[in-house]
Amino acid sequence: MRRPVVAGNWKMHGSRSANGALLRELEQRLNPEWPVDVVVFPPFVYLADAARTLDGGQIRLGAQDVCAEATGAFTGQVSASMLKDVGCRYVIVGHSERRRLYHEDDVLVARKFAAVLHAGLTPVLCVGETLEERENHHTESVVARQLEAVTAMNGAASFASGIVAYEPVWAIGTGRTASPQQAQAVHAYLRSRIAAQDANIAGHLRILYGGSVKGGNAAEIFSMPDVDGGLVGGASLSADEFLKICEAAAQRETVSGTVRP
Ligand code: PGA
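K.L.:
Account for the pattern of salt bridges, naming residues and giving values.
P.N.:
Within the structure shown, the criterion is met by 21 salt bridges. In this structure, Lys11 engages Glu97 in a salt bridge whose closest nitrogen and oxygen atoms are separated by 2.8 Å. With Lys11 in the loop between β1 (5-9) and α1 (16-29) and Glu97 in helix α4 (residues 96-101), this residue pair connects regions lying 86 residues apart in the sequence. The residue Glu129 makes a salt bridge to Arg134 at a minimum N-O spacing of 2.8 Å. Bridged by salt links that share partners, the residues Arg2, Arg191, Asp226, Asp228 and Arg252 form one connected network.

K.L.:
Please set out the pairing of strand β4 (residues 90-93) residue by residue, giving values where relevant.
P.N.:
Because side chains alternate across β4, one face comprises the buried residues Tyr90 and Ile92, and the other comprises Val91 and Val93, equally buried. Bridge count between strand β3 (residues 60-63) and β4: two bridges; the pairing is parallel. Considered in β4, the bridge of Gly62 is made with Tyr90. Handedness of the crossover joining β3 and β4 through helix α3 (residues 80-85): right-handed. Bridging between β4 and strand β5 (residues 122-127) involves four bridges; their strand directions are parallel. Looking at β5, one finds that Tyr90 is bridged to Thr122.

K.L.:
Please set out the site of the ligand residue by residue, giving values where relevant.
P.N.:
Around the ligand sit 13 residues, and of these Lys11, His95, Glu167, Gly173 and Ser212 come closest. Within the contact set of the ligand, an oxygen atom lies 2.7 Å away from a side-chain nitrogen or oxygen of His95. Take Ser212: an N or O atom from its main chain is 2.7 Å from an oxygen atom of the ligand. Relative to its unbound accessible surface of 280 Å², the ligand loses 96% to contact with the protein. Tallied by class, residues from the shell around the ligand come to four nonpolar, seven polar and two charged.

K.L.:
Could you give an account of the pairing of β1, naming the residues involved and the relevant values?
P.N.:
Counted residue by residue, β1 has five buried out of five residues, so it is predominantly covered. By the alternation rule, side chains of β1 split into Val5, Ala7 and Asn9 and Val6 and Gly8, which are all buried. Note that β1 and strand β2 (residues 37-41) share five bridges and pair parallel. Across the sheet, Val5 pairs through a bridge with Asp37, a residue of β2. Considered for its hand, the β-α-β crossover made up of β1, α1 and β2 is right-handed.

K.L.:
Please set out the sheet that holds β4 residue by residue, giving values where relevant.
P.N.:
Judged by pairing direction, the barrel is parallel, and its eight strands sit side by side in the order β1-β2-β3-β4-β5-β6-β7-β8 before closing back on the first. Across this sheet, the average inter-strand angle for adjacent strands is 25°, counted without regard to direction. Each of β5 and β6 (163-166) touches helix α7 (residues 139-154); the most contacted strand, β5, lies at about 155° to it.

K.L.:
An account of the state of the cysteines is needed here, citing residue identities and associated values.
P.N.:
Two cysteines joined by a covalent bond between their sulfur atoms form a disulfide. If you walk through the whole model with that rule in mind, you get zero disulfides. Cysteine Cys88 shares no disulfide, and the gap to the nearest cysteine sulfur, in Cys67, comes to 15 Å. With no disulfide of its own, Cys246 has Cys126 as its nearest cysteine by sulfur position, at a separation of 17 Å. Given a relative accessible area of 0%, Cys246 falls into the buried group.

K.L.:
Account for α1, with residues named and values stated.
P.N.:
With 14 residues, α1 extends 20 Å between its outermost C-alpha atoms, agreeing within 8% with the 20 Å of an ideal straight helix rising 1.5 Å per residue. Looking only at α1, the buried set comprises Asn19, Gly20, Leu22, Leu23, Leu26 and Glu27.

K.L.:
Outline the layout of surface pockets, listing residues and values.
P.N.:
Approximately 640 Å³ is the volume found for the largest pocket. As for the largest pocket, its lining consists of 24 residues, of which Phe44, Gln64, Asp65, Arg98 and Tyr102 are closest to the centre. Among the secondary structure elements, those contributing two or more residues to the lining of the largest pocket are α4 and α5 (106-118). Its residues assigned to classes, the lining of the largest pocket comprises 11 nonpolar, five polar and eight charged. Empty space within the second largest pocket amounts to approximately 200 Å³. Along the walls of the second largest pocket sit 16 residues, with Arg99, Gly128, Glu133, Arg145 and Gln146 positioned nearest its centre. Taken together, the elements giving at least two residues each to the lining of the second largest pocket come down to α4, β5 and α7. Of the residues that constitute the lining of the second largest pocket, the class distribution is four nonpolar, five polar and seven charged.

Rules behind the numbers
Residues numbered from 1 in each chain as written. Predicted model: local features only at pLDDT ≥ 70, side-chain atom pairs only at ≥ 80, totals over all residues. Heavy atoms only, no water. Salt bridge = Lys/Arg side-chain N within 4 Å of Asp/Glu carboxyl O. Helix = DSSP H or I, 4+ residues; strand = E, 2+ residues; numbered from the N terminus. Buried < 20%, exposed > 50% of the residue type's maximum accessible area, 1.4 Å probe, protein only. Pairing = 2+ DSSP bridges. Right-handed = clockwise from strand over helix to strand, strands pointing away. Near = heavy atom within 4 Å. Polar contact = N/O pair within 3.5 Å; in protein donor to acceptor, adjacent residues only side chain to side chain. Areas by Shrake-Rupley, 256 points an atom, 1.4 Å probe, with all protein chains shown as cover. Nonpolar A, V, L, I, M, F, W, Y, C, P; charged D, E, K, R; others polar. Axes fitted to C-alpha atoms, helices over the stretch in contact; angles between N-to-C directions. Contact = heavy atoms within 4.5 Å. Disulfide = S-S within 2.5 Å. Expected span 1.5 Å × (residues − 1). 1 Å grid on protein atoms, 1.4 Å probe; cavity = no way out; pocket = protein on both sides within 12 Å on 5 of 7 lines; lining within 4 Å. Points joined across faces, edges and corners; volume = space filled by probe spheres on them.

As structure tokens, this is what we get:
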């Protein structure tokens, strides 16, 4: 049974007062009966504050990035155990903005994934192709390469405690979403790649879609059988929008009776 996840990646947005107000409103309005895991990912400096605001609530906390090293002379970096120490349970690794703007390659992302697991946290591995790669029919080879860099280093079993987010680069922050069918095709493909190594882990793996998910399109995307929720950027900064997305994920489970498979 796969419980949906809605993850709000705030990126480099927020302030102490704005974050507090947003988190309190989300906690107040989130229906505790919705069967969905809701996670927010504020910038590093606000994590401890956010953990205090969320203490005992339903929303979980995550970080947008992590250092692959455990400790030492790495100026400016933050380790997975530090993130755990301040209350994080999830960490995004390999977001396309990290890959593109900060030149993170597949091996570094796989090492970060390992560091997160080692600290006892849940990694959210982002994969996705650029528009050029899609137009050249390289979508599958790109996402397989990104996924299998992690299984090559950590084994398919590492996905027993991990989450995958398919985020086509051309859909991030552009207002352009993959169609539900495009998302489903890539999600099914990713699941099949894991299934080739371990069918049981693949069956339980939660694969989120990310890229311009909004209140108005979430239900349609989440209705796809291999889409287990969303990684939400811009729309996670609005309580109204984010709650609509959480409700859409929750209803996905209600309508189908049980979460697939
Ligand atoms: P977006 O961002 O929802 O603003 O497109 C998604 C992401 O980058 O995770």
